[in-house]
Amino acid sequence: MSQQTLWEVQGPKGFKLDPRTKLILIFTSGTILITGGQEGWMLWIRPLLAFLPLVLFGLLGRWQAFLKYSLLYTLAYAAEFYLLPNFARHIGFMGFLATGIVGVFTRFLPCWAMGQYVVQTTTVSEFIAAMEKIHMPQGMMISFSVIFRFFPTIKEEFSAISDAMRMRGIQFKSSFKNPLVFLEYRLVPLMISVVKIGEELSAAALARGLGKDRKRTNICRIGFTAFDYVVFALIVLSWFGKVVS
Amino acid sequence: MFRKEGVKMNRQPLETRDFINVGIFTATYFVVFFVCGMLGYIPIFMLLLPLVCPLASGIPFMLYLTKVKKFGMVTMTGTICGVLMLVTGMSWQPVISGIVCGLVADLVLKSGDYKSASKMVLSYTLFSTWLMGMMYPLYFARESYFKDMVPTYGQDYVDALMSYTPPWSFYGLIVLCLVGGFLGAMLGKSVLKRHFLRAGIV
């Protein structure tokens, strides 16, 4: 038997990014893609940042996400660069609205993709470990972790509620006549669900000793690797480009 | 020995349970708010945001307020909302407005001892003005804001939007926030009474 400890916690491998890098990446992506202009450096940096999530998905082998977002990107860019200019003759309110919606879509899609990348590839343990490394106060950390984990939960609950309501005939279409009713039939069950989940969460957290003064043990692999530095270089480049133009 | 110097006897520290509540309700509030906010990225509807977002988000927030019994929770909510806006690309102003409005809302609640329903309504109404932080570039950094919009939306829309937003409309939007907040609070309160009381979660 070789002299090996049972648990050898190694550093992160391959193309996995540290959660802290991912957070800075979302922030960078969000700010630059949404508020950035189109001259000079930005002409290169924006597409770079926009396609980065696709690359990241591919590098981690998440092909389903890769294909899904590739498809969405194609549709969005096709609409913006091909369909709309050709239908500029259709001026008037519908054309205006369509341009607005497509514009919104193409602006936000890369950000959304980046956000999805982070959410799908970071476990709560990794997230908490990263927060601890940057010495965030315990309370804030709990709140942020809960929020982080809760967004997908809300989405699932909302889907389930929408399905249930559709079975009863309360659809999105019929609610245009009365938006308040739609709010009521969707939000109220969601809130009740949220409160119940909150109670369970609290009980589970307390059972695991969260919130006591002891430092939490964590065996997930985080840390900065060479790939993190590559991404950092990209981030610095993006900010430099934004400041310069 | 059991009491720190200068700390009031009834000041309780926030516990795990409270942080979790802050987390889940802030998340829910933010999701509802953000989904409504998506409408606003179509330039013209942007001016309706101060009315629509606080209105719909009033339901989760009022429920949240019934669970808030300690100082600091709503301040955290405001801060977190500001930070989340920052992360989703809205620059840093919402962080400031989030912290300030969260603090103000918290103080209002505290003055009602966390039991007064009318203070809760006032609290949410005032809190809703935090979204004006996002309107900052539109009013105080006009040139760069509109310049950046031109490639995506075209010069016509930018001109139209500029004509719809003269400087005084900033105050008009603040008023709209307060109206939306008030209506949202009332909506939340009536939903509380009608559904949540019966469901036993208040």
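These numbers come from a predicted model, not from an experiment.

Chemist: Could you clarify how one ought to interpret the overall build of chain A in this entry?
Modeler: Scanning chain A for helices and strands turns up eight helices and zero strands. Listed by position from the N terminus, the elements making up chain A come as α-α-α-α-α-α-α-α. Looking at chain A as a whole, 44% of its 245 residues qualify as buried. Within chain A, residue pairs in contact and separated by at least 24 positions form 78% of the contacts whose partners lie at least 6 positions apart. Roughly 14500 Å² of accessible area belongs to chain A as shown, and the carbon and sulfur atoms make up 67% of that amount.

Chemist: It is not clear to me how the overall build of chain B should be interpreted in this structure. Could you clarify?
Modeler: For chain B, the count of helices and strands is eight helices and zero strands. Walking chain B from its N terminus toward its C terminus, one meets helices and strands in the order α-α-α-α-α-α-α-α. For a compact globule of 202 residues, the expected C-alpha radius of gyration is about 17 Å, and chain B comes in at 18 Å, within 12% of that figure. Judged by the C-alpha coordinates and their principal axes, chain B covers about 65 × 40 × 25 Å. Relative to its full complement of 202 residues, chain B shows a buried share of 55%. Long-range contacts, defined as pairs at least 24 residues apart, comprise 76% of the intrachain contacts of chain B with a sequence gap of at least 6.

Chemist: Honestly, the pattern of salt bridges in this entry has me stumped. Any pointers?
Modeler: Within this structure, the stated rule accounts for six salt bridges over all chains. Here B:Arg194 makes a salt bridge to A:Glu184, at a shortest N to O gap of 3.4 Å. Pair noted here: B:Arg194 is in helix H8 (residues 169–199) and A:Glu184 is in helix H7 (residues 179–207), and the two residues belong to different chains. B:Lys115 is the salt-bridge partner of B:Asp113, the closest N and O atoms lying 3.6 Å from each other.

Chemist: Explain unusual backbone geometry to me, please; I cannot follow it from the model alone.
Modeler: One non-glycine residue, A:His135, adopts positive backbone phi at about 55°. Judged by relative accessible area, A:His135 falls into the exposed class, the value being 70%.

Chemist: Quick question: what am I supposed to make of the packing of helix H4 (residues 93–111) of chain B against helix H5 (residues 117–127) of chain B here?
Modeler: All names here are of chain B. The interhelical angle for the contact between H4 and H5, taken along N-to-C directions, is 170°, at an axis separation of 8 Å. Considering the angle they form, H4 stands roughly antiparallel to H5. Listed contacts from H5 to Cys101, Gly102, Val104, Ala105, Val108, Leu109 and Ser111 of H4 are Lys119, Met120, Leu122, Ser123, Leu126 and Phe127. For the contact of H4 with H5, the residue count by class is nine nonpolar, three polar and one charged.

Chemist: Hey, could you run me through the nonpolar core in this one?
Modeler: Among the nonpolar cores identified, the biggest contains 113 residues, and B:Phe127, B:Trp130 and B:Phe196 are the most heavily contacted of them. Setting aside anything within four residues of it in sequence, one finds B:Phe196 in contact with A:Val188, A:Met191, A:Ile192, B:Ile59, B:Leu63, B:Val191, B:Ile201 and B:Val202.

Chemist: Where do I start with the side chain of B:Ser128 in this structure?
Modeler: Residues and elements named next belong to chain B. As for its position among the elements, Ser128 is in the loop between H5 and helix H6 (132–140). A distance of 2.8 Å separates the side chain of Ser128 from the backbone oxygen of Tyr124, its partner in a polar contact. With residues near it in sequence (within four places) discarded, Ser128 still touches Pro54, Cys177 and Gly181.

Chemist: Teacher, can you tell me more about helix H6 (residues 138–167) of chain A here?
Modeler: What sets the pattern is the α-helix's 3.6 residues per turn: residues three or four places apart point alike. Residue and element names in this part refer to chain A. Over its 30 residues, H6 runs 43 Å from end to end, which matches the ideal 44 Å to within 8%, given 1.5 Å per residue. Residue Phe150 marks the point of greatest curvature in H6, where the axis turns by about 35°; the proline Pro152 follows within four residues. Two residues or fewer after H6 comes Gly169, characterised by a positive phi angle close to 85°.

Chemist: Would you mind showing me how to read the packing of aromatic side chains here?
Modeler: Aromatic rings considered in pairs are described by the distance between their centres and by the relative angle of their planes. In this structure the tally under the stated criterion is 25 aromatic pairs over all chains. Where A:Trp63 meets A:Phe66, the ring centres are 5.5 Å apart and the plane angle is 85°; that geometry is what we call edge-to-face. Note that A:Trp63 and A:Phe66 are positioned in helix H3 (residues 63–86) at a spacing of three residues, about one turn of the helix. Taken together, the ring pairs in this structure connect B:Phe25, B:Tyr29, B:Phe33, B:Phe61, B:Tyr64, B:Tyr124, B:Phe127 and B:Trp130 into an aromatic cluster. When the ring centre of B:Phe71 is taken as reference, the NZ or CZ atom of B:Lys110 above it lies at 5.8 Å.

Chemist: Can you walk me through a nonpolar patch on the surface in this structure?
Modeler: A cluster of nonpolar side chains, B:Val175, B:Val179, B:Phe182, B:Leu183 and B:Met186, forms an exposed patch at the surface whose accessible area comes to about 400 Å². Considering the arrangement of structural elements, one finds B:Leu183 in helix H8.

Chemist: Where do I start with the interface of chain B and chain A in this structure?
Modeler: Put simply, an interface is often sized by how much accessible area is lost when its parts join up. Across the contact, 45 residues belong to chain B and 49 residues belong to chain A. Both sides of the chain B and chain A interface together cover about 4200 Å² of buried area, and 80% of this is carbon and sulfur. At the surface where chain B touches chain A, the tally comes to one salt bridge. Along the contact surface separating chain B from chain A lie three residue pairs in polar contact (both at pLDDT 80 or more). Those elements that provide at least two residues to the side of chain B that touches chain A are helix H1 (16–39), helix H2 (49–67), helix H3 (73–87), helix H7 (142–164) and H8 of chain B. Residues belonging to the side of chain B that touches chain A are distributed by class as follows: 31 nonpolar, nine polar and five charged.

Chemist: For this particular structure, what's the right way to read the environment of A:Leu75?
Modeler: If you trace the backbone, A:Leu75 turns up in helix H3. Sequence separation between A:Leu75 and A:Val102 is 27 residues; the distance between their C-alpha atoms is 9.9 Å.

Chemist: Please explain the packing of H2(B) against H8(B) as it appears in this structure.
Modeler: A packed helix pair is summarised by two numbers, namely the angle formed by the two axes and the spacing between the axes. Residue and element names in this part refer to chain B. Where H2 meets H8, the closest approach of the two axes is 6 Å, and the angle between their N-to-C directions is 40°. Relative to H8, the element H2 is oriented oblique. In the packing of H2 onto H8, the handedness of the crossing is right-handed. Looking at the contact of H2 with H8 residue by residue, the class counts come to 17 nonpolar, six polar and one charged.

Chemist: Looking at this structure, how should I read the confidence of the model for chain B?
Modeler: A low pLDDT means the predicted coordinates there should not be read in detail. Residue and element names in this part refer to chain B. Averaged over every residue, the pLDDT of chain B is 85; residues scoring 70 or more account for 90%. Element-level mean pLDDT values for chain B span from 73 in H7 up to 94 in H5. In the model, residues 5–9 has pLDDT below 50 throughout and makes two contacts with residues more than four positions away in sequence or in other chains. Our summary of model confidence lists the complex with pTM equal to 0.82 and ipTM equal to 0.80.

What counts, and at which threshold
Residues numbered from 1 in each chain as written. Chains lettered and ligands numbered in written order. Predicted model: local features only at pLDDT ≥ 70, side-chain atom pairs only at ≥ 80, totals over all residues. Heavy atoms only, no water. Helix = DSSP H or I, 4+ residues; strand = E, 2+ residues; numbered from the N terminus. Buried < 20%, exposed > 50% of the residue type's maximum accessible area, 1.4 Å probe, protein only. Contact = heavy atoms within 4.5 Å. Areas by Shrake-Rupley, 256 points an atom, 1.4 Å probe, with all protein chains shown as cover. Rg over C-alpha atoms; globule rule 2.2 N^0.38 Å. Salt bridge = Lys/Arg side-chain N within 4 Å of Asp/Glu carboxyl O. Axes fitted to C-alpha atoms, helices over the stretch in contact; angles between N-to-C directions. Parallel < 35°, antiparallel > 145°, perpendicular 65-115°, else oblique. Nonpolar A, V, L, I, M, F, W, Y, C, P; charged D, E, K, R; others polar. Core = buried A, V, L, I, M, F, W, Y, C linked by side-chain atoms within 4.5 Å. Polar contact = N/O pair within 3.5 Å; in protein donor to acceptor, adjacent residues only side chain to side chain. Expected span 1.5 Å × (residues − 1). Bend = angle between axes of the 7 residues up to and from the residue. Phe/Tyr/Trp six-rings, centres within 6.5 Å; stacked < 30°, edge-to-face > 60°. Lys NZ or Arg CZ within 6 Å of the ring centre and 35° of its normal. Patch = residues over 30% accessible without salt bridge, like charges linked within 9 Å, V, L, I, M, F, W, Y side chains within 5 Å. Buried area = accessible area lost by both parts, 1.4 Å probe. Left-handed = near helix turned anticlockwise from the far one by under 90°. pLDDT = per-residue confidence, 0-100.

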